[in-house]
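Breakdown of the fold
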Amino acid sequence: AALAEFENIKATDYQSMTERVEAVGSRVMAYTHDPRYALGTISRFESEEWKRPALLQFARAMRTDLFDDVLVAALEDAEHRAEVLTALAAAPPAERRTAVLGDALAAAMRYQSDLLHDDVLPALAQALVLLPPDTVRALWRDNRSRLGELARPQLLRKLHGLAAAILHADAEAALRAASRHQ
């Protein structure tokens, strides 16, 4: 199906032939006969805008044999990295899920959140809620110092996006803290 879309991509929709190739490749690379080679190709994509959907395809395909390769290829851009790592955390091996979500949380704390259009933080919060509360508390402790570095609007966006995970970690402490600041 993705290959059929190739005909619908017009050269005028993209800046260059390279971008056109990356657009098509981002849709099909995870399903090729040699996925390791495909990951190597994706790592050489010039645009992180096309690298992100390609890596998301690998994460969603849940190829456990490529888990480490996708992890290594994860993006530099903090928002895109958080999104790919969150998707990757849904794939086995389960024993590595906590570390991957910890990396995703660290990346999420570095990018500029958008209160109304942020898809990354809610997805991350949903993934964190699936972990035991004490594990989420530990991940939150490792990352909460970054909140002090954020401007107030960014801080509030992070807390809003991660509210479900924060409440899951320790609902009583979160409610006590909120009531002190009213």
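Residues numbered from 1 in each chain as written. Predicted model: local features only at pLDDT ≥ 70, side-chain atom pairs only at ≥ 80, totals over all residues. Heavy atoms only, no water.

**Some thoughts on the overall build of the chain**
- Along its length, the chain carries 10 helices and 0 strands.
- Along the chain, from the amino end to the carboxyl end, the secondary structure elements read α-α-α-α-α-α-α-α-α-α.
- Residue burial in the chain is summarised as follows: out of 182 residues, 42% are buried.
- Here the contacts in the chain between residues at least 6 apart in sequence split such that 62% fall between residues at least 24 apart.
- Total accessible area on the chain stands at roughly 10,400 Å², and carbon and sulfur atoms take up 53% of it. (Helix = DSSP H or I, 4+ residues; strand = E, 2+ residues; numbered from the N terminus. Buried < 20%, exposed > 50% of the residue type's maximum accessible area, 1.4 Å probe, protein only. Contact = heavy atoms within 4.5 Å. Areas by Shrake-Rupley, 256 points an atom, 1.4 Å probe, with all protein chains shown as cover.)

**Points about the packing of helix 7 (residues 120-129) against helix 9 (residues 152-161)**
- The contact between helix 7 and helix 9 brings their axes to 8 Å, and the two run at 45°. The orientation of helix 7 relative to helix 9 falls into the category oblique. Residues Leu 121, Pro 122 and Ala 125 of helix 7 form the contact with helix 9, whose own contacting residues are Arg 157, Lys 158 and Gly 161.
- Looking at the contact of helix 7 with helix 9 residue by residue, the class counts come to 3 nonpolar, 1 polar and 2 charged. (Axes fitted to C-alpha atoms, helices over the stretch in contact; angles between N-to-C directions. Parallel < 35°, antiparallel > 145°, perpendicular 65-115°, else oblique. Nonpolar A, V, L, I, M, F, W, Y, C, P; charged D, E, K, R; others polar.)

**Regarding helix 7**
- Every buried residue of helix 7 is accounted for by Val 120, Leu 121, Leu 124, Ala 125, Ala 127 and Leu 128. Looking down the long axis of helix 7, one finds its buried residues gathered within 160° of arc, a one-sided arrangement. (Arc of directions from axis to C-beta.)

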